[in-house]
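Secondary and tertiary structure notes
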Amino acid sequence: MTALGLVAVLAAAVAVIAASLTGPRQVVATPHEIHVVDGPDNNHQVRIDSTLYVPAGVTAAHPAPAVILAHGFGQDKTSVHPDAEKLAQHGYVVLTYSARGFGNSTGQIALDSPDYEGKDVHGLVSWLGHQREVQQDGADDPRVGMTGGSYGGAMAMIAAANDRRIDAIVPLITWNSLASTFFPNAADPGQPGVFAKAWAGLFFGGQSAPGRTCGRFSAAICALYQHAAATEQPTKADLALLARSSPAGVLNRIHAPTLLIQGETDSLFGLDQARANARGIAAAGTPVRLAWYAGGHSAGTNLAETSRVRSLTLSWFNHWLRGGPDPGRSFTFSQLPNDSLQPQVYTADGEPGRVRVALHGPAQPVSNPVGGSPAAVSSIPGLPGGPLAGNLAHDIPGQSATFGSMTLDHAVTVVGGGTVRVDVASNTGTATLFGKLYDQSPDGSRQLPGGLVAPFKASGTVTVRLPWIEHRFAAGHRLVLVLASTDLAYDVPRTPATYRISVAGDLNLPTQPAHEAGAANAALPWAIAALALAVLGVSAIGLAGRIRRRRGAPDPSLVDVPLVVDGLRKAYGTELVAVDNLSFRVEREQILGLLGPNGAGKTTTLRMLMGLIRPSAGTLRVFGETIRPGAAVLTRVGAFVEGPGTLPHLSGLANLQLYWRATGRPESEAHAAEALEIAGLGDAVHRKVRSYSHGMRQRLAIAQAMLGLPDLLVLDEPTNGLDPPQIRALRDVLRRYATDGRTVVVSSHLLAEVEQTCTNVIVMDRGRLVAAGAVEEIVGASTTLSVQVDQPERAATVLFGLSGVDSIEQQGTELVVRLGDATAAQVVAALSESGLAISAVAPRRRLEDAFVSLIGER
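Residues numbered from 1 in each chain as written. Predicted model: local features only at pLDDT ≥ 70, side-chain atom pairs only at ≥ 80, totals over all residues. Heavy atoms only, no water.

Moving on to the packing of aromatic side chains. Each aromatic ring pair is described using two quantities: the centre-to-centre distance and the angle formed by the ring planes. Summed over all chains, the structure comprises 14 aromatic pairs. Both rings, one in Phe73 and one in Phe217, keep their centres 6.0 Å apart while their planes meet at 25°; by these two values the pair is stacked. With Phe73 in the loop between strand S3 (66–70) and helix H2 (81–89) and Phe217 in the loop between helix H6 (197–205) and helix H7 (219–231), this pair connects stretches of sequence that are 144 residues apart. For the pair shown, Phe73 and Phe217 are each scored as buried. For the pair Phe102 and Tyr151, a centre-to-centre distance of 5.8 Å together with 70° between the ring planes defines the contact as edge-to-face. With Phe102 in the loop between strand S4 (93–97) and helix H3 (117–128) and Tyr151 in helix H4 (residues 151–162), the pair connects residues that are 49 residues apart, well separated along the chain. The same class applies to Phe102 and to Tyr151, which are both buried. A network of ring pairs unites the aromatic residues Phe73, Phe102, Tyr151, Trp175, Phe217 and Phe269 as a single cluster. Above the plane of the ring of Phe331 lies Arg275, whose end atom (NZ or CZ) is 5.1 Å from the centre. Directly above the aromatic system of Tyr92 lies the positively charged group of Arg322, at a separation of 4.1 Å from the ring centroid. (Phe/Tyr/Trp six-rings, centres within 6.5 Å; stacked < 30°, edge-to-face > 60°. Helix = DSSP H or I, 4+ residues; strand = E, 2+ residues; numbered from the N terminus. Buried < 20%, exposed > 50% of the residue type's maximum accessible area, 1.4 Å probe, protein only. Lys NZ or Arg CZ within 6 Å of the ring centre and 35° of its normal.)

If you trace the four strands from one edge of the open sheet to the other, you get S26-S25-S28-S29, paired in antiparallel fashion. Each edge of the open sheet carries a strand with a single partner, namely strand S26 (576–586) and strand S29 (625–626). Where strand S28 (residues 617–622) and S29 come together, two bridges link them in antiparallel fashion. Within S29, the position partnered with Arg621 by the bridge is Thr626. Along the sheet, helix H12 (residues 602–609) makes contact with strand S25 (563–572), S26 and S28, crossing S25 at roughly 115°. (Pairing = 2+ DSSP bridges. Contact = heavy atoms within 4.5 Å. Axes fitted to C-alpha atoms, helices over the stretch in contact; angles between N-to-C directions.)

Take the packing of H3 against H4 next. Interhelical geometry of H3 versus H4 gives an angle of 70° and a closest axis separation of 9 Å. In this view, H3 runs roughly perpendicular relative to H4, as classed from their interaxial angle. Residue-level inspection shows Glu117, Gly118 and Val121 of H3 in contact with H4, the latter providing Tyr151, Met155 and Ala159. (Parallel < 35°, antiparallel > 145°, perpendicular 65-115°, else oblique.)

And the structure:
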């Protein structure tokens, strides 16, 4: 590379890093109706409801790359609003849209068909080609990336395969083949497998519409589901239709550099689907990277992993759309060691290896009951289980064969899908079985990694492909293979049957040489990792409710104090200190506002408070107990982080009930009625969440955080996206909550709202404490006058000539005068001597004035 070329590369890298260091930009969001033409013959017109997010400073003279952000199935454009704002704040023009058949868009759901949804995206790209704020690569060719999760992730791949104008894509937790998703592991090649009835019911049956059996689905999709649900088997035409909506057949046409992010706890779209996508795209010579994370359709919310996913996405787009640092192509995966909430990220060192583990146990009889009921449980589709998903698994005696290994003398980390040979005899000819690989601890308890199971049909000696997992089997544990005849999530033969099962070989398990990437290397640069908190709401009560860790004794002098922060410090490497020597104390019944400019360390402080990251020095004590990941005292803390995470096909009440069950705590402790009354949801709690406004979703997430009436409620930017009446209602909610000894901590950038809501404030800047105290004490330090005068323009001219006046702002007949060395008496005298009539002079002390005086103008 020439010296000039090297300078250009370095300049581009510096520009991208500098953009991420400058902090979030202001964003203008504008709704649009975009009319597109689709259908096999281009004879259908559809109206797509969209919103364009344009960051401050992006204009026709200074355009920026665009990102199309697609939503998940059953959602609409509002569900990705927080992610859109984050991307826009980092300099991208973002287009969100409701896919045909969802939200306010017209058309019928065709399940990511290239003839319908694919052509819709083609129309959106063309529309972006005419937006002056969007950087253009040529005529009708915008610089554009696309990302989305699940339904939106598959759409990104199908769209990129059919529109070479798309420059980079990041599909998340999505499919390779819908046929293998809903009919996995056939007995013979080309034959349909076991019907995934539970996920299919949620996927197809959750879109209701008045007078329509299949809601807003197209007739072909409707017929497919009705036939499969009735017969448990698809026709050849059904399989062809599913293949048409699958990336598997078009991977060789994807030329946009692709980052595939897949969840390790996902009973809908497994890790093998992402691996198949990666191999197919790479075979065409397209740059591709694969990353697994501790999440997925069957997982709860992990804030650290959500931050990592955002960072990976942003770094990919920064490189391929802006020419920033190359994030590389390395395969990474996550582990949650010892049920920790802080995952450890690993980077693959080389080619996968294999390890063989012998299994022991005699041939065993297994029965399939009449009607396939009662059924075993592996995971429950639609119910996020998080790190504890594997603890839900339950097998029915007499309906499973069990084979175990000897005690492991060293740890075995499985990264991928294992296999095992088994002999199966059935009195009906073919057996329907479900393979599971358990981790059995020395005390005899078992965990099913990710709650994952492999359904299959078998007769005679067959090779069983086990679920793709990422799991570390510790030394002293045993591997246990269970082959069950039933599973709650799948269809099984309705007639009774008996099987005889034995193992015919060792477990053959994949491993992956890897080294710890560490939190700092999970994505680059570190500044991008400041995206930090998740879109999805989470309560610390749920994260801590069923996790028990050893803790130190509480400080007896602080057991009645909600929060004490002492000498807190968080440093990343040697260059970045996010929080530095922070100390403050919060008492009962206070509503504390945590204030500071972007980069002040507010978010980092809250993450340490919730046990999501460890401080470099200092302590946080909640009711006297030191906070650490999984600390039991977190059951007394409720937290809501940035955006609601809910299941849209369920009612608000059902969401709350499912969430509380996942905590493992008694229903009597939920206090759901009290939380709902405080949150003010009213009758809307019985409606499906997909019908909620953004404000109602925010209230639902806050109600979730209030379940159990935690003594300490922590809310990060709870007013994001709310209109003025909703903000006022939330203000009342927080005031009602901070009674009977309860305490609220609110991080917000709306200073006027903090002033009206909070009793106390903490002001931070560059990680340090600037001021702390009651709101009236902080406001009292401001020196601003409100002057009512008959000739405000002339009065402003007079005061501009007065030494010691810092600034003057006219608001109608009122002048807002910020004083430096001048006094109120000098202001009055100057105006009187000029013959002006003064009707009123009064102190005008606002939190905004105090805030600016404390940290200075930015």
